[in-house]
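Architecture at a glance
Letter by letter, the chains look like this.
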Amino acid sequence: MVGSECLFCKIVDGRIPASIVHQDEQVVAFRDIAPQAPVHMLVVPKLHIPSLEALEQEHQALVGHMVLVAQKLAREAGLAENGYRLVLNCGRDGGQTVFHLHLHLLGGTSLAGRMA
Ligand code: 5GP
Ligand code: ZN
């Protein structure tokens, strides 16, 4: 799918509204529309990268930035002490439904013993 038709590109561009919690030069983060935990946010690169499988060496710093933004959001949401989970689904079998790279931040309840 080209970027102009991609759901998350539309959120990045402001063509589709979202509850945005963080924005900088490289990423946008917003609340998931169908939360799987009390806190469920998505950290999305502004660049259209379809999946983890499309990552190249040049994206290394961007992926590191995504993780650090998720850490910042987790701390701001008060999750640091009890913990939280970051999830990156890849491809159909990995449960990926939106083919624009995104990191899930889940927390606010115990996820121990649950992998999905
Ligand atoms: P995936 O299954 O690809 O790893 O995750 C896609 C996530 O995007 C899902 O958790 C889904 O609820 C979320 N999502 C799908 N459409 C929208 C939308 O239009 N707005 C927001 N905020 N989240 C969405
Ligand atoms: Zn996209």
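Before going into details, it helps to say that this report is about the structure given with it. Along each chain, the written sequence defines residue order, and numbers are assigned to residues from 1. Here the convention is simple: chains get letters from A, ligands get numbers from 1, in the order in which they are written. The model is predicted, so local features are restricted to residues of pLDDT at least 70 and side-chain atom pairs to those at 80 or more, both for listing and for counting; the totals for chains, interfaces and linings are taken over all residues. The side-chain quantities take in all heavy atoms of the structure and omit both hydrogens and water.

**Notes on the coordination of the zinc ion (ligand 2)**
Atoms of type N, O and S within 2.8 Å of a metal are treated as its donors, and for Na, K and Ca the window is 3.2 Å; water is not considered, so some sites may appear to be missing partners. The protein atoms donating to the zinc ion (ligand 2) are Cys-6 (SG), Cys-9 (SG), His-48 (ND1) and His-100 (ND1), with metal-donor distances spanning 2.0 to 2.3 Å. A site with four donors is called tetrahedral when every donor-metal-donor angle falls between 85 and 135 degrees; four donors are called square planar, and six octahedral, when opposite donors sit more than 155 degrees apart and all other angles fall between 65 and 115; any other arrangement is irregular. Between the four donor atoms coordinating the zinc ion (ligand 2), the angles at the centre fall across 105 to 119 degrees, so the site counts as tetrahedral.

**So, the site of ligand 1**
Near, as used in this document, describes a residue that has one of its heavy atoms within 4 Å of the molecule or strand being considered. In the region of ligand 1, 17 residues are neighbours, and Asp-32, Asn-89, Thr-97, His-102 and His-104 sit closest. The contact in question runs from an oxygen atom of ligand 1 to an N or O atom on the side chain of Asp-32, over 2.5 Å. Each polar contact in these results corresponds to two N or O atoms within 3.5 Å; when the atoms are within protein, one needs to be able to donate a hydrogen and the other to accept it, and residues that are neighboring in sequence are counted only if both atoms are side-chain atoms. Contact distances for ligand 1 include 3.3 Å between a nitrogen atom and a backbone N or O atom of Ile-33. Throughout, the Shrake-Rupley method with a 1.4 Å probe supplies accessible areas, and for residues the shown protein chains are the sole cover considered. Here ligand 1 has 520 Å² of accessible area as a free molecule, and 83% of this is covered by the chains. Only DSSP runs of H or I covering at least 4 residues are called helices, and only runs of E covering at least 2 are called strands; the numbering of each starts at the N terminus. Of all the secondary structure elements, the ones that give two or more residues to the shell around ligand 1 are helix H1 (7–13), strand E2 (27–31) and strand E3 (39–45). When residues in the shell around ligand 1 are grouped by element, the largest group, three residues, is from H1. Lys, Arg, Asp and Glu make up the charged group, whereas Ala, Val, Leu, Ile, Met, Phe, Trp, Tyr, Cys and Pro make up the nonpolar group; the residues left over, Gly among them, are polar. Each residue belonging to the shell around ligand 1 can be placed in one class, and the counts come to eight nonpolar, seven polar and two charged.

**Some words on the sheet that holds strand E1 (residues 20–23)**
Hydrogen bonds between backbone atoms are what pair the strands of a sheet, whose relative direction is either parallel or antiparallel. One requirement defines pairing of two strands: DSSP has to find at least two bridges between them. With antiparallel pairing, the five strands of this open sheet are ordered in space as E1-E2-E3-E5-E4. This sheet does not close on itself; its edge strands, each paired only once, are E1 and strand E4 (84–87). Adjacent strand axes in the sheet meet at a mean angle of 20 degrees when their direction is disregarded. The strands touched by helix H2 (residues 60–76) within the sheet are E1, E2, E3, E4 and strand E5 (103–107), with E3 carrying the most contacts at an inclination of about 155 degrees. Only the contacting stretch of a helix is used when fitting its axis, a line to C-alpha atoms as for every element, and angles between N-to-C directions run 0 to 180 degrees. The contact definition used throughout considers only heavy atoms, calling two residues in contact when any of these lie within 4.5 Å.

**Some remarks on the nonpolar core**
Val-27, Val-43, Met-66, Leu-73 and Leu-105 are the most contacted members of the largest nonpolar core, which has 16 residues in total. Take this core: its biggest share by element is six residues, from H2. Once you skip the residues sitting within four places of it in the chain, Leu-73 turns out to touch Val-21, His-22, Ala-29, Met-41, Val-43 and Leu-105. Joining through side-chain atoms within 4.5 Å is the link that ties buried Ala, Val, Leu, Ile, Met, Phe, Trp, Tyr and Cys residues into a set, and such a set is a nonpolar core. In this scheme, a residue with accessible area under 20% of its type's maximum is buried, one over 50% is exposed, and one in between is partly exposed, where area comes from a 1.4 Å probe on protein chains only. Formed by ten residues, the second largest nonpolar core is a distinct cluster that contains Cys-9, Ile-11, Phe-30 and Leu-42.

**Some details on the pairing of E2**
Burial of E2 is extensive: four of the five residues sit out of reach of the surface. Note that E1 and E2 share three bridges and pair antiparallel. Bridging from a neighbouring strand, His-22 pairs with Ala-29 of E2. What sits between the antiparallel neighbours E1 and E2 is a turn of three residues.

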